[in-house]
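# Close look at the chain arrangement
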Amino acid sequence: MYIVTIANQKGGAGKTTLTMNLAAVLSEHSRVLVVDVDQQKSSAWWADRAGESLPFDVADDTDPANLARLRETPYDVVLVDTPGSLVGHDVLATVLTASDFVILPTEPAPLSFGPLVETITKIVLPSGVPYRVVINKVDTRVPAELDDAEALLDSANVARFASSIRDYKVNKMGSVHGKVVTQFTLSDSRSSPRALEDFRRVALELMSLWANTKSQIGA
Ligand SMILES: Nc1ncnc2c1ncn2[C@@H]1O[C@H](COP(=O)(O)OP(=O)(O)O)[C@@H](O)[C@H]1O
Ligand SMILES: [Mg+2]
């Protein structure tokens, strides 16, 4: 089992969107549980709107201190959605003690990098848990946006995914419609296949990272 925490103290970076859509693509091959430790309960709210239709399970009342117990459950992957803001620092630190990997979504804007780097240096690096940043909400109409964001992260020695996630309307529609990226079709939005492709790429990269670090993270 892999317990993966989705983190970034910055609100609106895309933690909940990434948690739910990564869960969707991973659940095509694995048994996936989403755990919402955010008091705002965004992923739980999303799941409520979905009713029984999600291809994975969502647990909303898990005390972060109890996460280690999840190892005894029959899931292959547990994705933990965490709160933004400094208030979430303690929660995040607790969650990390039970995690195998951390993914930090960030918007490409340089102004978002301050809180991102702070989350990494103050909480993620001290925890010793391997991490990768994923650049989210990439605007394909702004040609240099992704390149500039990648260059900035690289110059700060921030480890990142090679793949990124584009800004598509369908990614915004998910929580409202109670659907995840694998459930949208061309008739919902022309960008549905591209949105799906983005999350699939991140999932594939994640699995290849795990394959390479298996011995280190004891899986
Ligand atoms: N790749 C994306 N494309 C379009 N909208 C996005 C994308 N990722 C997130 N959003 C939107 O940005 C807002 C914040 O995302 P959310 O996942 O709630 O962030 P967080 O959980 O970090 O606060 C939401 O309205 C969400 O629909
Ligand atoms: Mg959220």
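Here's what I pulled together on the structure shown here. (Residues numbered from 1 in each chain as written. Chains lettered and ligands numbered in written order. Predicted model: local features only at pLDDT ≥ 70, side-chain atom pairs only at ≥ 80, totals over all residues. Heavy atoms only, no water.)

### Here's the deal with the pairing of strand S1 (residues 2-6)
Looking along a regular strand, one sees the side chains alternate between the two faces of the sheet. The buried count for S1 comes to 5 of 5 residues, which makes it a mostly enclosed element. Here S1 shows no split at all, with Tyr 2, Val 4 and Ile 6 on one side and Ile 3 and Thr 5 on the other all buried. Here S1 pairs with strand S4 (residues 77-81) via 5 bridges, running parallel. Considered in S4, the bridge of Val 4 is made with Leu 79. The pairing of S1 with strand S5 (residues 101-106) spans 3 bridges and is classified as parallel. Bridge pairing in S5 links Thr 5 to Val 102. (Buried < 20%, exposed > 50% of the residue type's maximum accessible area, 1.4 Å probe, protein only. Helix = DSSP H or I, 4+ residues; strand = E, 2+ residues; numbered from the N terminus. Pairing = 2+ DSSP bridges.)

### A look at the environment of Gly 51
Note that Gly 51 resides in the loop between helix H2 (42-50) and strand S3 (57-59). Classification of Gly 51 by relative accessible area gives partly exposed; the value is 46%. Distance in space between the C-alpha atoms of Gly 51 and Lys 179 is 9.6 Å, their sequence separation being 128 residues.

### Focus on the environment of Leu 22
Take Leu 22: it is sitting in helix H1 (residues 15-26). Its relative accessible area of 0% is what places Leu 22 among the buried residues. When the C-alpha positions of Leu 22 and Phe 199 are compared, they lie 6.0 Å apart, and in sequence the two are 177 residues distant. Those residues in contact with Leu 22 that lie beyond four places of it in its chain are Leu 79, Ile 103, Phe 199, Val 202, Ala 203 and Leu 206. (Contact = heavy atoms within 4.5 Å.)

### Brief notes about the packing of aromatic side chains
Any two aromatic rings considered together are summarised by their centre-to-centre distance and by the angle between their planes. Scanning the entire structure with this criterion turns up 2 aromatic pairs. For the ring pair Tyr 2 and Trp 210, a centre distance of 3.9 Å and an interplane angle of 5° mean the geometry is stacked. Separated by 208 residues along the polypeptide, Tyr 2 in strand S1 and Trp 210 in helix H7 (residues 192-217) bring together distant segments of the chain. For the pair Phe 101 and Trp 210, a centre-to-centre distance of 6.4 Å together with 85° between the ring planes defines the contact as edge-to-face. Highlighted residues: Phe 101 in strand S5 and Trp 210 in helix H7, separated in sequence by 109 residues. In this pair, the class of Phe 101 matches that of Trp 210, namely buried. Taken together through their ring pairs, the aromatic side chains of Tyr 2, Phe 101 and Trp 210 make up a single cluster. (Phe/Tyr/Trp six-rings, centres within 6.5 Å; stacked < 30°, edge-to-face > 60°.)

### Things to note about the site of ligand 1
Around ligand 1, a shell composed of 15 residues is seen, among which Gly 12, Lys 15, Thr 17, Asn 136 and Arg 166 lie nearest. At 3.2 Å from an oxygen atom of ligand 1 is found a main-chain nitrogen or oxygen belonging to Ala 13. At the level of elements, H1 and helix H6 (169-177) are the ones that each hand at least two residues to the shell around ligand 1. The biggest single contributor to the shell around ligand 1 is H1, with 3 residues. Grouping the constituent residues of the shell around ligand 1 by class yields 3 nonpolar, 7 polar and 5 charged. (Near = heavy atom within 4 Å. Polar contact = N/O pair within 3.5 Å; in protein donor to acceptor, adjacent residues only side chain to side chain. Nonpolar A, V, L, I, M, F, W, Y, C, P; charged D, E, K, R; others polar.)

### Here's the deal with the packing of H2 against H6
Each pair of packed helices can be described by the angle between their axes along with the distance between the axes. The N-to-C vectors of H2 and H6 enclose an angle of 70°; their axes lie 7 Å apart at closest approach. By the angle between their directions, the pair H2 and H6 is classed as roughly perpendicular. Contacts between H2 and H6 pair Trp 45, Trp 46 and Arg 49 from the former with Gly 174, Ser 175 and Val 176 from the latter. Here the contact of H2 with H6 is composed, by residue class, of 3 nonpolar, 2 polar and 1 charged. (Axes fitted to C-alpha atoms, helices over the stretch in contact; angles between N-to-C directions. Parallel < 35°, antiparallel > 145°, perpendicular 65-115°, else oblique.)

### A closer look at the sheet that holds S3
An order of S3-S2-S4-S1-S5-S6 is seen for the 6 strands of this open sheet, with the pairing classed as parallel. Of all the strands in the sheet, the pair left with one neighbour each is S3 and strand S6 (131-135). Strand-to-strand, the axes of this sheet are offset by a mean angle of 25°, without reference to chain direction. Relative to S4, H1 is tilted by about 165°, and along the sheet it contacts S1, strand S2 (32-36), S4, S5 and S6.

### Some thoughts on the nonpolar core
Grouped together as the largest cluster of nonpolar side chains are 38 residues, with contacts concentrated most on Val 4, Leu 18, Leu 22, Phe 56, Leu 79 and Ile 103. Among the secondary structure elements, those contributing two or more residues to this core are S1, H1, S2, H2, S4, S5, H6 and H7. A total of 8 residues in this core trace back to one element, the largest contributor, which is H7. Membership of the second largest hydrophobic core comes to 18 residues, among which are Leu 92, Leu 96, Val 133 and Leu 153. (Core = buried A, V, L, I, M, F, W, Y, C linked by side-chain atoms within 4.5 Å.)

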